[in-house]
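Descriptive analysis of the structure
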Amino acid sequence: MELKKYNVDSFNLDHTKVTAPYVRLAARKAGEKGDIVTKFDVRFTQPNKECMPTGAIHTIEHIVAEYIRDEIEGVIDFSPMGCRTGFYLTVWGERDEEYIAKHLLPVVKKVVAWEGDIPAANEIQCGNYRDMDLDGAKKYAKAWVDGIQTLGWNCYK
């Protein structure tokens with residue numbers, strides 16, 4: 001079946017041909033002045049099989065977004081996918097999937113071990129601070145860590 005091509009990179013991914021968890025290069029763009037921006041698909045759950053509840057994905061986003069910058073220079077953003085199966089990590093410069101997986105791993109391990117308050121989970125610093133689920137975040141983070149450590153970062157098996 002021939003599918004229409006879209007302007008959105010992820011709409012052109014065959015979601016039936018990847019195996020989560022994984023880190024996948026989603027896009028690499030060069031700006032008018034030669035700056036490179038690289039976006040990665042950091043998938044936690046298998047597309048169209050399972051998705052994360054909003055509280056869990058929101059909690060992972062808060063912890064990882066804060067601490068990924070200690071591991072990877074040039075982070076622009078770490079944001080949840082609308083389908084709730086993972087995140088996009090956007091960075092300045094050229095990085096590959098293996099580099100991202102290696103440096104993301106200790107940060108996601110922080111989620112698994114997290115105790116205490118979630119960074120910026122208050123009404124001043126977050127637009128929906130009540131929608132947090134640390135236990136759920138730990139569950140999905142542990143599954144991602146276990147999968148990456150066991151299966152590797154590559155989604156095409």
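Refer to the structure printed above.
The shown structure was predicted, so the numbers you read here are calculated from the model rather than taken from an experiment.

Points about the environment of F87
- By the element assignment, F87 lies in strand β4 (residues 86-92).
- For F87, a relative accessible area of 0% gives the class buried.
- When the C-alpha positions of F87 and A141 are compared, they lie 12 Å apart, and in sequence the two are 54 residues distant.

A short note on the sheet that holds strand β3 (residues 75-80)
- Reading across from one edge, β1-β2-β4-β3 is the order of the four strands in this open sheet, with antiparallel pairing throughout. Each having just a single partner strand, β1 (22-30) and β3 make up the two edges of the open sheet. Pairwise comparison of adjacent strand axes, ignoring direction, gives a mean angle of 15° for this sheet.
- Judged from the seven bridges that link them, strand β2 (residues 36-43) and β4 form a sheet pairing that is antiparallel. Residue pairing in the sheet places K39 in a bridge with T90 of β4.
- Each of β3 and β4 is contacted by helix α1 (residues 54-67), which is oriented at about 170° to β3, the strand it contacts most.
- Of the strands in this sheet, β1, β2 and β4 touch helix α2 (residues 97-113), which is tilted by about 125° from β1.

Points about the nonpolar core
- One finds F44, I60, V64, I68, L89, V108 and W144 to be the most contacted residues of the largest nonpolar core, which totals 36 residues.
- Among the secondary structure elements, those contributing two or more residues to this core are β2, α1, β3, β4, α2 and α3 (134-151).
- In this structure F44 touches A20, P21, M52, I60, T85, G86, F87, V108, Y140, A141 and W144, once residues within four positions along its chain are discounted.
- By size, the runner-up hydrophobic cluster in this structure holds five residues, among which are V18, A20, Y22 and C155.

Parameters and conventions
Residues numbered from 1 in each chain as written. Predicted model: local features only at pLDDT ≥ 70, side-chain atom pairs only at ≥ 80, totals over all residues. Heavy atoms only, no water. Helix = DSSP H or I, 4+ residues; strand = E, 2+ residues; numbered from the N terminus. Buried < 20%, exposed > 50% of the residue type's maximum accessible area, 1.4 Å probe, protein only. Pairing = 2+ DSSP bridges. Axes fitted to C-alpha atoms, helices over the stretch in contact; angles between N-to-C directions. Contact = heavy atoms within 4.5 Å. Core = buried A, V, L, I, M, F, W, Y, C linked by side-chain atoms within 4.5 Å.

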